[in-house]
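Here is what each chain is made of, one letter per residue.
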Amino acid sequence: MKLLRSTLLLLLLLCTSNNFAQIIQTTLSPNQAPKPPSNWTKRNQLGFDISEIAFVNWSAGGTSSISGLFKGEFNRTYAKDNHKWVNELIVKYGLNKQDGIELRKTDDAVQFNSTYGFRKDTASNWYYSSKLNFNTQFTNGYNYPNRSVAISKPFAPAYIFLGAGAENSNKQKNRTFYFSPITLKTTLVLDQYLANQGAFGVKKATYISDPLNPDSQILIDEGQKVKAEFGILFTGYMKSEIYKNVFYENRLSLYTDYLNKFGNVDIDYDTRLDLVVNAYVKANIGVHLIYDDDIKTKKDVVDPTTGNKTQVNDGPRMQLRQVLGVGLVYAFK
């Protein structure tokens, strides 16, 4: 009897020790420990819009054409306590081909936005913010049908905005407003030919008449490739569902320089209406307006004597681009 009790006690101790060891091992195992929540959120979206029209023996006449537009939007946001850092990359590139006409560019944009904000408490929507904006393009731009002389190129121009101010961000209403009274705007024209023309507001080259040939000029100083301005920047973003599966999105940027024509405002307004068919098909209607006093439109002038074409500045004009498209959208993380 005494031997039986001793045996049962020994078995009980062994089982208890084994279970205790398993508990300790489970608690300390790194593979089974829950991962801490990430402070980063990300959103990626790729889209391709296409429009096509074709005519075969069409008595009313018409020109067959096809257009395609590739779009990408990538967002990375860091949010922890009173800190928020939002990074956004937007790319667009579109082409059009008409029957009997060469391939032409319809859209071309590279835009990067980065905003860091700090607020006093988590209940407030107001942030002390600093913002960086960068804009340029992928390929050369032309004043069609003239394809011999480029009127813009990659990094010619490129715009950089860097400043600090206040931002009001409301996540529930999906809107953000930013105001900066101290913003440095830098315009880059890294193509010397365009810089010599004084394109996009940079200081143009200096020439003198050639004493040996009055019809030609001698270059004295090359045009500057960089122009710096200091002024006020206001940006706004809003996106709302105005009807079921119909979303209205607005982006606005206003800038004026303190020293050069203060009160003359550069305007960049992009508005878009998205009609969501399903998770992968979307139709959109958009209007993009730009006015910048430093951007001069170009026009071709024909010399009546020689017949040669040259491009001259035609002054600043309101730029308008309208888009209507239906395409595929793919969102992923």
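Residues numbered from 1 in each chain as written. Predicted model: local features only at pLDDT ≥ 70, side-chain atom pairs only at ≥ 80, totals over all residues. Heavy atoms only, no water.

Visitor: Could you clarify how one ought to interpret the nonpolar core in this entry?
Guide: For soluble globular proteins, the rule of thumb is that nonpolar side chains tend to be buried together. Counting 13 residues, the largest nonpolar core has Tyr159, Phe161, Val189, Leu194, Phe200 and Leu233 as its most contacted members. Of all elements in the fold, only β8 (158–170) and α2 (192–197) reach the threshold of two or more residues within this core. Leave out the neighbours within four places in its chain, and valine 189 touches Phe155, Ala156, Leu194, Ala195, Ala199, Phe200, Val202 and Lys225. (Core = buried A, V, L, I, M, F, W, Y, C linked by side-chain atoms within 4.5 Å. Buried < 20%, exposed > 50% of the residue type's maximum accessible area, 1.4 Å probe, protein only. Helix = DSSP H or I, 4+ residues; strand = E, 2+ residues; numbered from the N terminus. Contact = heavy atoms within 4.5 Å.)

Visitor: Looking at this structure, how should I read the pairing of β8?
Guide: Each regular strand carries side chains that alternate between the two faces of the sheet. Relative to β8, strand β5 (residues 126–136) runs antiparallel, the two being bridged by ten bridges. By the bridge assignment for β8, tyrosine 128 is matched with alanine 166. When β8 meets strand β9 (residues 175–188), the two strands line up antiparallel, connected through twelve bridges. Bridge pairing in β9 links phenylalanine 161 to lysine 185. (Pairing = 2+ DSSP bridges.)

Visitor: I would appreciate a short explanation of the packing of aromatic side chains in the present structure.
Guide: Remark: the centre distance and the inter-plane angle together describe each pair of aromatic rings, the angle taken between the planes. Under the criterion given, the structure shown has eleven aromatic pairs. Ring centres 6.2 Å apart and planes at 50 degrees place the aromatic pair tyrosine 142 and tyrosine 144 in the tilted group. Judged by relative accessible area, tyrosine 142 falls into the partly exposed class, the value being 21%. On the numbers, 5.5 Å between centres and 70 degrees between planes, the contact of phenylalanine 161 with tyrosine 255 is edge-to-face. One end of the pair, phenylalanine 161, is in strand β8; the other, tyrosine 255, is in strand β13 (residues 246–257), and 94 residues separate them in sequence. Of the two residues examined, phenylalanine 161 and tyrosine 255, each falls in the buried class. The structure contains a cluster of three or more aromatic residues connected by ring pairs, namely Trp40, Tyr78 and Trp85. Over the face of the ring belonging to tyrosine 178 we find lysine 131, whose NZ or CZ atom lies 4.9 Å from the ring centre. Lying over the aromatic face of phenylalanine 247, lysine 239 brings its terminal NZ or CZ to 5.6 Å of the ring centre. (Phe/Tyr/Trp six-rings, centres within 6.5 Å; stacked < 30°, edge-to-face > 60°. Lys NZ or Arg CZ within 6 Å of the ring centre and 35° of its normal.)

Visitor: I keep staring at the sheet that holds β8 and nothing clicks. Help me out?
Guide: Working definition: the strands of a sheet are paired by backbone hydrogen bonds and lie parallel or antiparallel to each other. Strand order around the closed barrel formed by twelve strands is β1-β2-β3-β4-β5-β8-β9-β12-β13-β14-β15-β18, with antiparallel pairing between neighbours. Between one strand and the next, the sheet's axes are offset by a mean angle of 20 degrees, whatever the strand orientation. Across twelve bridges, β9 lies against strand β12 (residues 226–243) in antiparallel orientation. In the strand pairing of β12, threonine 176 is matched with tyrosine 237. (Axes fitted to C-alpha atoms, helices over the stretch in contact; angles between N-to-C directions.)

Visitor: What should I look at first to understand the pattern of salt bridges in this one?
Guide: It is possible for side chains bearing opposite charge to pair when their charged atoms get close. For the structure on display, the rule yields 17 salt bridges. The closest approach of N and O atoms between glutamate 88 and arginine 251, which form a salt bridge, is 2.9 Å. Remark: arginine 251 occurs in strand β13 and glutamate 88 occurs in strand β3 (residues 83–98); sequence separation between them is 163 residues. Via salt bridges that share partners, Glu73, Glu88, Glu249, Arg251, Arg272 and Asp274 belong to a single interconnected network. (Salt bridge = Lys/Arg side-chain N within 4 Å of Asp/Glu carboxyl O.)

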